[in-house]
Amino acid sequence: MKRILQIPTEEDWGEYKNDLDQKYAHKMFFGKNLAEARLLFERAVIERTEELRFMPVISFRYYIFAYCQYLTSTAVLGRWDASDAASCFLRLVESKLRDESDAISPIMNELMPTIEYVAKNQTLFDADVDIYGDFNEIFSEIKRLVQI
């Protein structure tokens, strides 16, 4: 299965109203295209990462690519939270593979270039190894989890 190419519909969000985290994610992201969603990551990357974590599958598979666009743009470089953006992304992918592999596995081939870019450019994101851990080790664990 490939990534979702169109903005998720109300139906794609499923029973989001029954879950406070999904309800808030819907409030923030619903109806936004990838360019609009990318701006949300620029404004508050940690919060948006958490909303991705709790999104229904179809919405997650669409909006994760707004995060990828942000991480591979020049907009993230030099920002005070670039290290958080990079680390949160890698940790999100890792946790999804561990806990909800069905949600992320079908799009891993498309995510892998961004994952590798972030992992191989820890210095570019100004992410201190002593604080954020070694991105290459996280990348190795992600690759291991993909093979399981």
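These numbers come from a predicted model, not from an experiment. (Residues numbered from 1 in each chain as written. Predicted model: local features only at pLDDT ≥ 70, side-chain atom pairs only at ≥ 80, totals over all residues. Heavy atoms only, no water.)

Draft legend 1. Just unusual backbone geometry, in detail. One non-glycine residue, aspartate 126, lies in the positive phi region at around 55°. Here aspartate 126 lies in the loop between helix H7 (108-120) and helix H8 (129-132). (Helix = DSSP H or I, 4+ residues; strand = E, 2+ residues; numbered from the N terminus.)

Draft legend 2. Broad picture of the packing of helix H5 (residues 82-99) against H7. It is at 10 Å that the axes of H5 and H7 come closest, and there the two elements cross at 140°. By the criterion of interaxial angle, the relationship of H5 to H7 is oblique. The two elements H5 and H7 meet at a crossing, and its hand is left-handed. Contact residues: H5 offers Ala86, Phe89, Leu90, Val93 and Leu97, while H7 offers Met108, Thr114, Ile115, Val118 and Ala119. Of the residues belonging to the contact of H5 with H7, the class tally is nine nonpolar, one polar and no charged. (Axes fitted to C-alpha atoms, helices over the stretch in contact; angles between N-to-C directions. Parallel < 35°, antiparallel > 145°, perpendicular 65-115°, else oblique. Left-handed = near helix turned anticlockwise from the far one by under 90°. Contact = heavy atoms within 4.5 Å. Nonpolar A, V, L, I, M, F, W, Y, C, P; charged D, E, K, R; others polar.)

Draft legend 3. Main features of the nonpolar core. Membership of the largest hydrophobic core comes to 48 residues, with the highest contact counts inside it found for Phe89 and Ile115. For this core, the secondary structure elements donating two or more residues are helix H1 (20-29), helix H2 (34-43), helix H3 (45-54), helix H4 (57-71), H5, H7 and helix H9 (135-147). Counting residues per element, this core draws most heavily on H4, which supplies 10 residues. Not counting the four nearest positions on each side in its chain, isoleucine 115 is found in contact with Phe89, Leu90, Val93, Met108, Phe139 and Ile142. (Core = buried A, V, L, I, M, F, W, Y, C linked by side-chain atoms within 4.5 Å. Buried < 20%, exposed > 50% of the residue type's maximum accessible area, 1.4 Å probe, protein only.)

Draft legend 4. Representation of H1 within the structure. Turning to H1, its buried residues are Gln22, Ala25, His26, Met28 and Phe29. Here the buried residues of H1 occupy an arc of 165° about the axis, which is enough to place them on one side. For H1, the exposed residues lying more than 90 degrees away from the buried face are Leu20 and Lys27. Tucked inside the fold, the buried residues of H1 contact H2, H3 and H4. Where H1 begins, one side-chain oxygen reaches toward the backbone nitrogen of aspartate 21, 2.9 Å away; that side chain belongs to aspartate 19. Positive phi appears at glycine 31, one or two residues downstream of H1, with a value of about 80°. (Arc of directions from axis to C-beta. Polar contact = N/O pair within 3.5 Å; in protein donor to acceptor, adjacent residues only side chain to side chain.)

Draft legend 5. Representation of the pattern of salt bridges in the model. Here the structure, examined in full by the defined rule, presents nine salt bridges. The salt bridge involving glutamate 42 is made with arginine 38; its shortest N-O contact spans 3.1 Å. Taken as a pair, glutamate 42 and arginine 38 lie in helix H2 at a separation of four residues, close to a single helical turn. The class of arginine 38 is partly exposed, set by a relative accessible area of 23%. Of the charged contacts in the structure, one is a salt bridge between glutamate 141 and arginine 144, with a shortest N-O distance of 2.8 Å. Note that glutamate 141 and arginine 144 are positioned in helix H9 at a spacing of three residues, about one turn of the helix. On the basis of relative accessibility, which here comes to 19%, the residue glutamate 141 falls in the buried class. Among the ionic contacts, a cluster of salt bridges with common partners joins Arg91, Glu94, Arg98, Glu141 and Arg144. (Salt bridge = Lys/Arg side-chain N within 4 Å of Asp/Glu carboxyl O.)

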